[in-house]
Structures are given as C-alpha cells and as structure tokens.
Number of protein chains: 2
Amino acid sequence: MAKRSITAQDVALHAGVSRAVVSRTLSNNGCVAKATRQKVLDAAHELGYQVNMLAQSLNRQRSMLIGVITSGQTDPYRSQLLEDLVRSIQAQNYQALLCDIQTHQDLATTLTKLTQFRVSGVIVTSGHPSAELVSECVKLNIPVVVINRSTQLPQVDEISSDNTQGAQLAINYLKKMGCQRLQFLGINNGTYSAQIRQTAWQRLEPTPPLLAPESSYEGGIAAARVALQGGLNFDGLWCANDLLACGFADCARFEFKLKLAQDFYLVGFDDIPSTHFVSYQLTTLRQNTRQIAALALSRLSERASAMTVEKRIDKVDVKLIIRNS
Amino acid sequence: MAKRSITAQDVALHAGVSRAVVSRTLSNNGCVAKATRQKVLDAAHELGYQVNMLAQSLNRQRSMLIGVITSGQTDPYRSQLLEDLVRSIQAQNYQALLCDIQTHQDLATTLTKLTQFRVSGVIVTSGHPSAELVSECVKLNIPVVVINRSTQLPQVDEISSDNTQGAQLAINYLKKMGCQRLQFLGINNGTYSAQIRQTAWQRLEPTPPLLAPESSYEGGIAAARVALQGGLNFDGLWCANDLLACGFADCARFEFKLKLAQDFYLVGFDDIPSTHFVSYQLTTLRQNTRQIAALALSRLSERASAMTVEKRIDKVDVKLIIRNS
DNA sequence: TTGAAAGCGCTAACAA
DNA sequence: TTGTTAGCGCTTTCAA
C-alpha cells in the first residue's frame, strides 16, 4: 500500500546523472556545472522530490531539530516565549522538538531523548540541567542555552531579561508617583526569575520582601490577605510577576476596599494580557520575548560552529509599560 | 573532538553476540534466549547505550515523532490544549514536533516538512488541510487528525468539543436564571469553533447573533459598544469564547454601568484563567482538553494500524462552570 | 536461537 | 566537473 516515496536516486535517473550530483546540487555543497545543476533542479521539481531528513540527519550526524524544554506551567508569559522561540527556530529552517518536563528527573531523560535525535541544539526554559547532562551534550556537540535561569556550567549560554534594570525601572516609577515606602512581592521557593528579581530589589531597597505562597493569581490574593491584614504599610509595590499582581490588586480592591494608583501604586512583570484589561490597567514591565528568542538561536548557532567559545550571558532590556496603577 | 557515541555494534561486541541479537532484544522483536537477552541488556546498560532514533526511523520508515500544528494565536485555551497534547504524546513515548503556521500556505509547506521526518501522525489545531496534502499523508501512511475543526476528507478523524451541547447548557442556564431575551455573541469571519457555536445557537434560538470584529478582548469591547449603544435589549448572553466575554463584560460594566448577574447574565466558553479572577467570576463552559488530547492520540494510533478505517468524528463533553454571571 | 548480509536514503572522500 | 564507493546505525529477512 504505502507507496515508496521519491528518492535522490529517482531524481538522478530522471536527470541522467549520479546521485552524488543530486546531493551536491540540492545541498549546495561541492561544485556542479550550471547546466547539470538546472537539470537536477528540474528533475527534482518534476518528481516532487523531498529530501528524507532522517537519512540526511543520520549521515550528517545532526538533525534539523532543536529541542525546546518547557515545564507544564502554562502562564501567558511562557506561552508567548514559546511561540517566539518556535517562530525563530522555523525562521532558520529548523524544527522545534517540544519537550514538556514535570520533574528534575524528566529533564535528564528528556535530554537523552534529544541526543538520540541528534538535535542541533537545546533551549532550556525550565529546570536546571545538571553538569553531567550538559557534558553529555557537549561531547555530542550539542549546544545548550538556558533562558531566564542561571547555571555554573561554562559551556552553557544564558539569556534572560534584565531583572536588575527592571527593579530600577519599577523603583523609579514608584518614586516618581510619590511613593515613599516601597515593597516587593516575591514568591516563597519561587521560580528563578522571581528570586533574581527579589535579589535585584534588595540590593536597591532594604525592606524585607513579602512572599506569596505560590506563583499564581491565588498566590497574590493570599499574599495580600496577609500583608494588608494589619493595615497598609507601604505605598508602592513591585510584584515578581503579573499573575501575582492581579491577585494582589483584586484582594486589595475587593476585600480591603483600597484604590489602586491612590492608596498605593503597583508594578507587575511580564505584561500578560489581563494587565491591559479595562478592569486592571496595571503598570508593568514587558519582557522582549522576541529578542530573547532571536538571541537564543544566535547563541546556538555560534556555539555549534565553535563548541568551546567562552560562555556568554545576555541580559535583554525590559520596558516599563505605564498604565493606571 | 565529538566523541563517537555508542552503537549497537559496541553492545554486541561487549555482550559477545551479533548486532542482530542486540536489535531484537532492545526492540522486543523476534526471539532471543533468556540468558542472551540478559547479557545484552546488561551490556547495553553498562555502556549507557542509547538507540539512534535517526537510524531506527530511517530503517522503519517511520519516526517516533508526531507533528502538532498550531497557529500563532496564543490564547490561554490554545496553550492548555497544546500542553495536554504534548503530555499525551510523551506519555506514548512519542515526541512532539511543534509547527507554528501563519498562513494557509504555511500549512502546505509544514505538512511536507513533517513528511520528510516521516512523522507517525499529524495533529492539526489550526488551518484546514487541503485534500492533496492529506492524500499525500495517506500515501505515506501518516494519519491525520484535526481538532475543533471539520473537513470533508474521509481519511481524517475529527475531534471537537460538543458545541451543540454547549449551546444547550448555556441556554438552559440562562433560562434558569430567568432570562427571557437571549442573545449570542459570535465573531465576524471568526474561527471554526465560533462559527459552529453560532450555528448550534441558531438552531435553538432564532435571534440574529451579535458579531465581534475579532476574536479577542478588544473584540468583545467593540461588540459591546455597538450592542449596548441603543440600550440593553437582551437579558442573557452567550459568548463564543471567554476573551470576548471578558471584553464584553468590562465594557458593559465600566462604560454602560450595567451589573452582571443583575442587568443581564453572561456565559462564556473555554474557562480561561481570567474568568475565575475575583473581578470577573464569569460563568462559562469548560472544554475537556485532556480528553481531547487523549482521544487524538487514540485515533492516530488506530488509524496507523489501519489507514483506511472509517472516518471518526468525536464530540467531547463540555461542562458548565457556574460562577457569578 | 543465532548470525550474515542486504538495505533504509543520504553524504562525502576520493578517483577519474 | 562528475561518478564510484564507503559508510551513517539500525532492522530484518534468510540460512545455518
């Protein structure tokens, strides 16, 4: 039943040349006479030839696949990042092998899975690859880049939003709004980004941070209940992310009858869609996910050609989006 | 530099057998003596052998890859569906090849890309595959399933939420809340799902639907401005999706000072996170994305073993989530 | 039960 | 510039 598909051999026959010439022509590699080249191209087109990526990859010991590792957590920011990553990958003619991991163990098995496909690179947006895993990749010449997380590993490039700059922008904004007592809302045992933002904050402001029990809308509500119980003792708040900010804002407004941009100012992080809903209009910091994605691909290809180049750490600018909080 | 990785040959040598035995043992295919089997397993484990998926797939003419086609549109519902799809795929030991398409043309090139990787199946969540594309897949024995869309093609299985049931649930709810003049908010030139919901609605209620200019929060606002301008002439509204519902609700509340669950009732669709925020608390219909995903994988594997089985159309139950609207 | 050998479709070194 | 040849690592008849 399953019809055999058209191979380079067929094209070679049709064009009256050898398969080697076909290969050279189609991969633009090695020299072919102009006329021959055209013959091959025509034949390939006529027959509807499609190269078999499996065979090609097997031979080249490298597939046109790039592994993208994400955690189940589907918050709007992550979705946006993923979308931009996939687009960047496809723009370079690669394809995205999407791997969802739940646990640290998953990361290990996933990374070996990816090596079995001889991926051209791995982009980690969740979890922390261990040294052995990475060295395994290095051995196989597979570059690894991590996004919004750090690692000690020397061969792994890092890309993240500039959280320090973010902290500064948030503080400047709050002060400009006249706030005198600033506060930060982080997450207990939170994500790497939340921790970094907290650290960045603490370098600039001494106030001990508020901590939400979890990184979510509900976490923001819970944090607000605790924080506002004894009265409002701050007038400017920076939240580690927008979901927290929305939760905090709602609890403050509906349970404690506080008014945003009046009783206190609030800055979020991520610029997720909800923040621009009429009922929120939250001031926030927008990450440049497109640039992060583009940079990830650049780093991957740089390291592909020179596995041992020095580790690079990129900080991508964030942008303050001023709304009504 | 790049160390050659361990092959079946190495394992064979180490175990003192032929590579054929190694292959049989590891793929559980053909017979191997118990003792030999153990020897091979031990050797493989000791050497840390990992099968080369490229070689295996080339030989079997089929990779452990499943193509997932999505459109750039990252609304929360789509993200959730994607996540569930990827999990289901990984649960079956396959890997997800994620392809983002923008235009109809992209679908075509993407589908041929996928065939080049000899994927074991394709899941389409966006766009409408043409007859030729599908027949190309059929020829290569690649099953195709579409989610939340329909197609005339006989070899393509369809899975979607039961929109008719959804319409009925929404209407029942609104009537139970005492609504007398029901209305539906669809989308002008909208998604397939929105159209189906509209059709389902119209079979039950004769009222001509409202139409938003686009499928988004802003679309909902725009629709509300038009609809409410001349006064409120309905008391129960069903929106094609939650983003529209949020926009409509906000415009109604903030611009027209209407009260939800008082001046009119509103039911959404999708149960996206924003709907359960304190400031919305929208009643909505939840799609069972996990079941949709699981079903997609089932259909794919069924068709894989019998390409010509009759086309199947599955409707997955939706669930009314009653909140405060 | 095991091994030898052919082949999946492609690339690349080498020779012509 | 072209063709020949030897693999890439695996699976799978077919004999032994």
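Rules used throughout
- Residues numbered from 1 in each chain as written.
- Chains lettered and ligands numbered in written order.
- Predicted model: local features only at pLDDT ≥ 70, side-chain atom pairs only at ≥ 80, totals over all residues.
- Heavy atoms only, no water.
- Least-squares fit on C-alpha atoms with pLDDT ≥ 70 in both.
- Contact = heavy atoms within 4.5 Å.
- Near = heavy atom within 4 Å.
- Polar contact = N/O pair within 3.5 Å; in protein donor to acceptor, adjacent residues only side chain to side chain.
- Helix = DSSP H or I, 4+ residues; strand = E, 2+ residues; numbered from the N terminus.
- Nonpolar A, V, L, I, M, F, W, Y, C, P; charged D, E, K, R; others polar.
- Phe/Tyr/Trp six-rings, centres within 6.5 Å; stacked < 30°, edge-to-face > 60°.
- Buried < 20%, exposed > 50% of the residue type's maximum accessible area, 1.4 Å probe, protein only.
- Lys NZ or Arg CZ within 6 Å of the ring centre and 35° of its normal.
- Buried area = accessible area lost by both parts, 1.4 Å probe.
- Salt bridge = Lys/Arg side-chain N within 4 Å of Asp/Glu carboxyl O.

Topic: the relation of the copies chain A and chain B
- Here chain A sits on chain B after a turn of 180° about the axis and a move of 0.0 Å along it, with an RMSD of 0.1 Å. Accordingly, the operation relating the two chain copies is best matched by a two-fold axis. If distances are taken from each C-alpha of chain A to the rotation axis, the shortest is found for A:L97, at 2.4 Å.
- Both copies share a contact surface, since 100% of the interface residues of chain A are interface residues in chain B too.

Quick look at the protein's contact with DNA strand C
- A:R19, A:Y49, B:R24, B:T36 and B:N59 are the nearest of the 26 residues found near DNA strand C.
- In this structure, A:N52 approaches DNA strand C through a main-chain N or O atom, which is 3.4 Å from a phosphate oxygen.
- B:R24 places a side-chain nitrogen or oxygen 2.4 Å from a base oxygen of DNA strand C.
- For the surface near DNA strand C, the secondary structure elements donating two or more residues are α2 (19-27) and α4 (53-60) of chain A together with α2 (19-26) and α4 (53-60) of chain B.
- When grouped by side-chain class, the residues that make up the surface near DNA strand C number twelve nonpolar, ten polar and four charged.

A look at the packing of aromatic side chains
- Tallied over the entire structure, the rule returns 19 aromatic pairs over all chains.
- Ring geometry for A:W201 against A:W238: centres 6.2 Å apart, planes inclined by 35°, an arrangement best described as tilted. With A:W201 in helix α9 (residues 192-204) and A:W238 in strand β8 (residues 236-239), the pair connects residues that are 37 residues apart, well separated along the chain. A single burial state applies to A:W201 and to A:W238, both of which are buried.
- Pairing A:Y217 with B:F277 gives two aromatic rings, centres 3.8 Å apart and planes at 0°, and the pair type is stacked. Taken as a pair, A:Y217 in helix α10 (residues 217-229) and B:F277 in the loop between β9 (265-267) and β10 (284-287) lie in two separate chains rather than in one. As far as burial versus exposure is concerned, A:Y217 and B:F277 are alike and both buried.
- Aromatic ring contacts, followed pair by pair, group A:Y217, A:F277, A:Y280, B:Y217, B:F277 and B:Y280 into a single cluster.
- Between the NZ or CZ atom of B:R197 and the centre of the ring of B:F269, over which it lies, the distance is 3.6 Å.

With respect to the interface of chain A and chain B
- Taken residue by residue, the interface counts 53 residues in chain A and 53 residues in chain B.
- Both sides of the chain A and chain B interface together cover about 5000 Å² of buried area, and 61% of this is carbon and sulfur.
- Area buried by chain A at its contact with chain B is led by A:L54, A:Q116 and A:F117, which between them contribute 14% of it.
- Counting every contact that joins chain A to chain B gives two salt bridges.
- Note that B:R87 and A:D100 form a salt bridge whose closest N and O atoms lie 3.4 Å from each other.
- Seen at the junction of chain A and chain B, the total is 25 residue pairs in polar contact (both at pLDDT 80 or more).
- Mapped by element, the contributors of at least two residues to the side of chain A that touches chain B are α4, α5 (76-91), β2 (95-101), α6 (104-116), α10 and α11 (242-255) of chain A.

Read these as geometric descriptors, not functional statements.
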